[in-house]
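Coordinates in review
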Amino acid sequence: MRSVVPVLAVVAVILAIWYLACLPMNIHTALTNAERAGVAVQPEGAAERRDRSGIGLALTNPGQWADTWAQDKPRLPAPHQVLAELWDTTAMKKVTSKRSLVFHGWITLSATLLGFAIGTGMGIVLAIGIVHSRAMDMSVMPWAIASQTIPILAIAPMIIVVLNSVGVQGLLPKAIISAYLSFFPVVVGMVKGLRSPDAMQFDLLRTYNASRGQTFAKLRLPASVPYLFASLKVGIAASLVGAIVGELPTGAVRGLGARLLTGSYYGQTIQIWSALFATAVLAAVLVALIAGAERMTLKRMGLGR
Amino acid sequence: MSQATVIEAKNLDLTFQTNDGAVQALSGVTLDIAAGDFVSFIGPSGCGKTTFLRCIAALEQPTGGTLTVNGMTPEEARKARAYGYVFQAAGLYPWRTIAGNIRLPLEIMGFSRAEQAERVKNVLELVDLAGFGGKFPWQLSGGMQQRASIARALSFDADILLMDEPFGALDEIVRDHLNEELLKLWARTGKTIGFVTHSIPEAVYLSTRIVVMSPRPGRITDVIESPLPKDRPLDIRDTPEFLEIAHRVREGLRAGHAYD
């Protein structure tokens, strides 16, 4: 409980900075609105103010501060606006509604989970191959590394177009992009984990004349579990990013990525920010779920503290 | 010794190829170990005592000479699971309980579940760890962990027990205690034991034969038959006989060092 105060203090500081940042960001629009309503502002005329700095304008027009936190399409929406939008689009809408973030979140989540499952499965299989075959170690690992140096934004549209041309649409292309991002941390972590037992442990199994399969099942695999979970936490977050990126190039109408895209088309900054926050919350929940599974598994294995 | 020869080494050579050139780890090692013997290998580091033990266990391949274990090649003996090996570190799996760790070789060798349970129970009693089967390794002291690792090596009842400085990392008091326990265990099981150490009192106290080795190249400089009785209380270490053997071991070690 002692950590509550510092945590709240950090949140308060972030909120304070955020509200302050809204002043210079939104003051131009606030002054234009005020002038239209017949209020005197300094200096007069939108053209005159265009090149002035937001900070200076905010300081000379303290009367318009309130409006910087209450606009429809602000450059930077205030925290309470984002929260209100979040509340409105989650709790107040039916989950089947196209305006519900729960609806869009589920679309993205399903692609994330499918992609995560594919990526994790692929990562583990590749890691097992890499650890057991020198040829695979030499041939697969460089490609795995190379795959991650390509910007996902560049390759995502190609994946979608190629798959579309062979008739694959909907969930799968997004899941594949998501798997493309999430398999890598799993490969790296699992290879490290499967190789983590020391030479003595392998010698010991040799004295028992254990087969390769037994060495894998009794030593390598259990030894890799802590490494696997560390990778899964990175992998699930990467999966979510992949699913969202996969929604962008198609101009998709559903999913959190689609909310970001339509928000930017129509200048709906509040919608963009609330979709961003929904994504962050979703990522946090997914990572927390994996952390929970990790704690339970390690405890059952006697590795927990 | 009238018993059958269990381990027979003739002119054994082993050369490691390293980046700095060839290193001769063993040179012309000739030694017979009879059934029921307790043979200690003592010498400074680099004298090849561990390497020799690893050759017996087929964890290293000699480059010259012949070596048989139970009349087979070491490789065949390893496949026949002719020996239990105890390493310097206990090396228990942290994700297995003590009983689970001891069960490991039994699972690999395909013992039935009932037999596994029976054997685990027996060896736990043998190393005085009855009641600790359900604990995880981190809940036990270093000495207890090493005892569990000895139980693991004993569980499948091989006739030969190879021990590579098993008590090297333990403090003197625990070590004394475990030495005493090991002698009792040896008396009860009648196993042939190969024991690597760099402690003179430990070697003299435990062994029926002490093999003194010296480095560069690793070779045997002296083999001492111990006249001590089989029944050895800890204070036998203060008797003149004990001190005399210890003296001879020390002389042998010094002679080996005169080369460099």
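Residues numbered from 1 in each chain as written. Chains lettered and ligands numbered in written order. Predicted model: local features only at pLDDT ≥ 70, side-chain atom pairs only at ≥ 80, totals over all residues. Heavy atoms only, no water.

Named according to an unreviewed UniProt entry, chain A is ABC transporter permease subunit originating from Pseudooceanicola pacificus. Under the UniProt heading Sequence similarities (unreviewed entry), the note attached to chain A is "Belongs to the binding-protein-dependent transport system permease family." Recorded in UniProt for chain A, the comment headed Subcellular location (unreviewed entry) runs: "Cell membrane". (UniProt positions renumbered as here; feature names shortened; annotations may be inferred.)

Helix and strand counts for chain A stand at 13 helices and zero strands. Its helices and strands taken in sequence order, chain A reads α-α-α-α-α-α-α-α-α-α-α-α-α from the N to the C terminus. A principal-axis box enclosing the C-alpha atoms of chain A has dimensions of 90 × 55 × 40 Å. In chain A, which comprises 305 residues, the proportion classed as buried is 45%. Contacts in chain A between residues far apart in sequence, at least 24 positions, make up 73% of those at least 6 positions apart. Averaging the positions of the 26 positive and the 13 negative side-chain charges in chain A gives two centres separated by 14 Å. (Helix = DSSP H or I, 4+ residues; strand = E, 2+ residues; numbered from the N terminus. Buried < 20%, exposed > 50% of the residue type's maximum accessible area, 1.4 Å probe, protein only. Contact = heavy atoms within 4.5 Å. Lys, Arg positive; Asp, Glu negative; His and termini not counted. Charge placed at Lys NZ, Arg CZ, Asp CG, Glu CD.)

What follows concerns the interface of chain B and chain A. Between chain B and chain A, the residue contacts involve 26 residues of the former and 18 residues of the latter. Between chain B and chain A the total buried area reaches about 2100 Å² when both faces are included, carbon and sulfur atoms providing 59% of it. The interface formed by chain B and chain A holds three salt bridges in total. Applying the counting criterion to the chain B and chain A interface returns ten residue pairs in polar contact (both at pLDDT 80 or more). Of all the secondary-structure elements, those providing two or more residues to the side of chain B that touches chain A are helix 2 (74-79), strand 5 (83-86) and helix 3 (98-108) of chain B. For the side of chain B that touches chain A, the element with the most residues is helix 3 of chain B, which contributes four residues. In the side of chain B that touches chain A, the residues fall into 17 nonpolar, one polar and eight charged. (Buried area = accessible area lost by both parts, 1.4 Å probe. Salt bridge = Lys/Arg side-chain N within 4 Å of Asp/Glu carboxyl O. Polar contact = N/O pair within 3.5 Å; in protein donor to acceptor, adjacent residues only side chain to side chain. Nonpolar A, V, L, I, M, F, W, Y, C, P; charged D, E, K, R; others polar.)

This part covers the confidence of the model for chain B. Low-pLDDT stretches of the model should not have their predicted coordinates read in fine detail. All names here are of chain B. On average, residues of chain B carry a pLDDT of 87, and 97% of them reach 70 or more. Per-element confidence in chain B is highest for helix 3, whose mean pLDDT is 93, and lowest for helix 8 (residues 240-257), whose mean pLDDT is 84. Interface confidence for the predicted complex, given as ipTM, is 0.87, next to a pTM of 0.82. (pLDDT = per-residue confidence, 0-100.)

Below, the discussion takes up the sheet that holds strand 9 (residues 219-225) of chain B. Residues and elements named next belong to chain B. In space, the six strands of this open sheet follow the order 5-6-7-3-8-9, with mixed pairing throughout. Strands with a single pairing partner mark the edges of an open sheet, and in this sheet they are strand 5 and strand 9. This sheet shows a mean twist of 15° between the axes of neighbouring strands, independent of strand direction. Here strand 5 runs beside strand 6 (residues 160-164); their pairing, made up of four bridges, is parallel. Among the inter-strand pairings, V86 is bridged to a residue of strand 6, identified as M163. With respect to the sheet, helix 5 (residues 142-154) is in contact with strand 5 and strand 6, its orientation differing from that of strand 5 by roughly 165°. (Pairing = 2+ DSSP bridges. Axes fitted to C-alpha atoms, helices over the stretch in contact; angles between N-to-C directions.)

As a further point, take the UniProt feature "transmembrane region" (unreviewed entry) in chain A. Residues and elements named next belong to chain A. In the numbering adopted here, UniProt assigns the feature "transmembrane region" (unreviewed entry) to residues 7-27, 106-131, 143-163, 175-194 and 265-291. The annotated region residues 7-27 carries 100% helix and 0% strand content, and the separation between its end C-alpha atoms amounts to 31 Å. Note that residues 106-131 is 100% helix and 0% strand, and that its end C-alpha atoms are spaced 37 Å apart.

For the rest of this paragraph, the subject is the side chain of T108 of chain A. All names here are of chain A. Along the chain, T108 falls in helix 6 (residues 101-132). T108 sits in the buried class, given a relative accessible area of 0%. Setting aside anything within four residues of it in sequence, one finds T108 in contact with L240, A243, I244, E247, G255, L256 and G257.

This paragraph deals with the environment of G302 of chain A. Looking at the element boundaries, G302 of chain A is found in the segment after helix 13 (269-300). Separated by 65 residues in sequence, G302 of chain A and A237 of chain A have C-alpha atoms that sit 27 Å apart.

Below, the discussion takes up the nonpolar core. Counting residues in each nonpolar core, the largest one holds 133 residues, and the members touching the most others are F41, F52, V204, I210 and V249 of chain B. Sorting elements by how many residues they give to this core places helix 11 (residues 212-247) of chain A first, with ten residues. Those residues in contact with F41 of chain B that lie beyond four places of it in its chain are L31, I33, K49, F52, L53, G194, F195, V196, T197, V211 and M213 of chain B. Grouped together as the second largest cluster of nonpolar side chains are eleven residues, I152, I155, A156 and I177 of chain A included. (Core = buried A, V, L, I, M, F, W, Y, C linked by side-chain atoms within 4.5 Å.)

A word on unusual backbone geometry. Omega for the peptide link from Q42 of chain A to P43 of chain A comes to -20°, which places this bond in the cis form. Position of P43 of chain A among the secondary structure elements: in the loop between helix 1 (4-36) and helix 2 (46-49). Put simply, R216 of chain B and P217 of chain B share a cis peptide bond, and its omega is -10°. Despite not being glycine, D128 of chain B has its phi angle at roughly 65°, a positive value. With respect to the secondary-structure elements, D128 of chain B resides in the loop between helix 4 (113-126) and helix 5. The phi angle at R216 of chain B is positive, at roughly 50°, despite the residue not being glycine. Here R216 of chain B is to be found in the loop between strand 8 (209-214) and strand 9.

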